[in-house]
Amino acid sequence: MSDRALTVHPVPSMGAEDVLVTPDGTVWTGTEDGAIWALDPASGSTRRVADTGGRPLGIELLPDGDLVVCDARRGLLRVSPGTGAVEVLVGEVGGEPMRFCNNAAVAADGTVWFSDSSLHHGVDRWKDDFVRHTRTGRLLRRDPDGSVEVVLSRLAFANGVALAADESYVAVAECRGRTVVRLWLTGPRAGERDHLVTDLPGYPDNISRGSDGLIWVTIASPVDGLVERLGTAPMLLRKAVTRIPEALQPKPAQTIRVQAYDDDGRLVHDLDLPRPDRGPGYHMVTGVREHDGRVWLGSLHEPAVAVVDRP
């Protein structure tokens, strides 16, 4: 258990799910009301720069300075920080609307790798997909010319996406599978699929490559024994569980945990911070960004981002 102090920066709306730090030090996040916020860490001030009209999740920086936003309801978006203009880059794939655009990583040439968590359930029913274990998540690629391709399918709730520092591989978190899948892009293994890490101590959400070159992984909740058992149960039982009252359904435990791995899948950092009953009222970390020795966190449920010093 880490004794490092967590600093919480409030934002004006609920659900600051992901976090991005741009080279000028500005911290960006999106909230459940559709807003994109810019935070000045020095003053703690926030300004609303755009409204996606949906539910923004993953946020990344494009080479031209615009933001690419994974909107769970609208798809992959381009957002101008200067004007607030919003453009849909990918709203459908193969003629079918995306149901759950989730997270992305951007290559130096502007290629965007992004995840679609489920073919069946949107963000408002994410627990249904999680419990039913549909394995319909996908990893997609949008090239600079606008063409889109599905590069991996049948992922167990595809979530966070990150590129290696040299762009030799792209990694995507399987939240329900508790793994980080890797697709090699260059070198003798180009086109091969393996795992960067398996058997994570909980369910990963967003992932990102830090300024330290490591792949940082959020652990949104520790392993839930009931959820794991349901994964092998008949589908009728899994569907029945998602139809019982919300108060009786499995719930994520309140934790604050992120890990960092090198390119060989070795664990380098494991920040397991004090839980809310023994520390700050912040939990369910779904976004992570290491930047110049500090680790910024986002949360699906909190009206705030947080930051802690890296070990």
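Anything mentioned here points back to the structure above.
Just so it is clear, the model here is predicted, and its values are computed rather than measured. (Residues numbered from 1 in each chain as written. Predicted model: local features only at pLDDT ≥ 70, side-chain atom pairs only at ≥ 80, totals over all residues. Heavy atoms only, no water.)

A.B. asks: Just checking my understanding: could you explain the overall build of the protein for this structure?
C.D. replies: If you tally the helices and strands in the protein, you get three helices and 26 strands. Partitioning the contacts of the protein with sequence separation of at least 6, the portion at a separation of at least 24 is 48%. For the protein, the exposed surface amounts to about 12,400 Å²; the carbon and sulfur share of it is 49%. (Helix = DSSP H or I, 4+ residues; strand = E, 2+ residues; numbered from the N terminus. Contact = heavy atoms within 4.5 Å. Areas by Shrake-Rupley, 256 points an atom, 1.4 Å probe, with all protein chains shown as cover.)

A.B. asks: Explanation requested: unusual backbone geometry in the structure shown.
C.D. replies: Its identity as a non-glycine residue notwithstanding, phenylalanine 157 has a phi of 60°, on the positive side. Accessibility expressed as a relative area gives 4% for phenylalanine 157, which makes it buried. Of note, the phi angle at aspartate 292 is positive, near 50°, even though the residue is not glycine. Its place among the elements puts aspartate 292 in the loop between β24 (285-291) and β25 (294-299). Its relative accessible area of 60% is what places aspartate 292 among the exposed residues. (Buried < 20%, exposed > 50% of the residue type's maximum accessible area, 1.4 Å probe, protein only.)

A.B. asks: Could you clarify how one ought to interpret the sheet that holds strand β9 (residues 86-90) in this entry?
C.D. replies: An order of β6-β7-β8-β9 is seen for the four strands of this open sheet, with the pairing classed as antiparallel. Looking along the sheet, the strands with just one partner apiece sit at the ends: β6 (56-61) and β9. Between one strand and the next, the sheet's axes are offset by a mean angle of 30°, whatever the strand orientation. In this structure, strand β7 (residues 67-71) lies alongside strand β8 (residues 75-79), joined through five bridges in antiparallel fashion. Note that in β8 the partner of cysteine 70 across the bridge is leucine 76. (Pairing = 2+ DSSP bridges. Axes fitted to C-alpha atoms, helices over the stretch in contact; angles between N-to-C directions.)

A.B. asks: Quick question: what am I supposed to make of the nonpolar core here?
C.D. replies: In a soluble, globular protein the nonpolar side chains are often hidden away together inside. Within the largest apolar cluster, 16 residues are counted, with the highest numbers of intra-cluster contacts made by Leu6, Trp216, Ile256, Val258, Tyr282, Val295 and Leu297. Among the secondary structure elements, those contributing two or more residues to this core are β22 (256-261), β23 (267-273), β24, β25 and β26 (304-309). Sequence-distant contacts of isoleucine 256, that is, excluding residues within four places in its chain, are made with Leu6, Leu271, Asp272, Leu273, Pro274, Tyr282, His283, Val285 and Leu297. If you look at the next biggest cluster of nonpolar residues, it comprises 15 residues, including Ala164, Leu200, Val217 and Tyr261. (Core = buried A, V, L, I, M, F, W, Y, C linked by side-chain atoms within 4.5 Å.)

A.B. asks: Is there a simple way to explain the pairing of strand β15 (residues 148-155) in this structure?
C.D. replies: In summary, the side chains of a regular strand alternate between the two faces of the sheet. Inspection of the sheet shows strand β14 (residues 137-142) paired to β15 by five bridges, in the antiparallel sense. When the bridges of β15 are listed, leucine 140 appears paired with valine 150. Hairpin connection from β14 to β15: five residues lie between these consecutive antiparallel strands, with glycine 146 at a positive phi of about 95°.

A.B. asks: In this structure, what is going on with the pattern of salt bridges? I would like to understand it.
C.D. replies: Opposite charge on two side chains makes pairing possible when the charged atoms of those side chains draw close. This structure, assessed with the given rule, holds 21 salt bridges. Here glutamate 149 makes a salt bridge to arginine 141, at a shortest N to O gap of 2.8 Å. Arginine 141 sits in the buried class, given a relative accessible area of 18%. (Salt bridge = Lys/Arg side-chain N within 4 Å of Asp/Glu carboxyl O.)

A.B. asks: Just checking my understanding: could you explain the side chain of threonine 218 for this structure?
C.D. replies: Among the structural elements, threonine 218 can be located in strand β21 (residues 215-222). Only 3.1 Å separates the side chain of threonine 218 from the backbone nitrogen of aspartate 205, close enough to count as a polar contact. Polar side-chain contacts of threonine 218 include one of 3.0 Å to the backbone oxygen of asparagine 206. Contact partners of threonine 218, with chain neighbours within four places excluded, come to Tyr203, Pro204, Asp205, Asn206, Arg257, Val258, Val285, Thr286, Gly287 and Val288. (Polar contact = N/O pair within 3.5 Å; in protein donor to acceptor, adjacent residues only side chain to side chain.)

A.B. asks: So what exactly am I meant to see when it comes to the environment of aspartate 166 here?
C.D. replies: Considering the arrangement of structural elements, one finds aspartate 166 in the loop between β16 (158-163) and β17 (169-174). Measuring from C-alpha to C-alpha, the distance between aspartate 166 and alanine 108 comes to 9.8 Å, with 58 residues separating the pair along the chain. In terms of polar contacts, aspartate 166 uses its side chain to reach the side chain of serine 168, at 2.7 Å.

A.B. asks: Can you walk me through the packing of aromatic side chains in this structure?
C.D. replies: Aromatic ring pairs are defined here through the distance separating the ring centres and the angle between the ring planes. This structure, assessed with the given rule, holds two aromatic pairs. Positioned above the aromatic ring of tyrosine 169 is the side chain of arginine 182, whose terminal nitrogen or guanidinium carbon lies 5.2 Å from the ring centre. (Phe/Tyr/Trp six-rings, centres within 6.5 Å; stacked < 30°, edge-to-face > 60°. Lys NZ or Arg CZ within 6 Å of the ring centre and 35° of its normal.)

A.B. asks: I would appreciate a short explanation of the sheet that holds β26 in the present structure.
C.D. replies: In a beta sheet, neighbouring strands are held together by backbone hydrogen bonds and run either parallel or antiparallel to one another. The antiparallel open sheet is built from four strands, whose spatial order is β1-β26-β25-β24. Each edge of the sheet is formed by a strand with only one pairing partner; in this case those strands are β1 (7-10) and β24. Ignoring strand direction, the axes of neighbouring strands in this sheet form an average angle of 25°. Relative to β25, β24 runs antiparallel, the two being bridged by six bridges. When the sheet's bridge partners are listed, valine 288 is paired in β25 with leucine 297.

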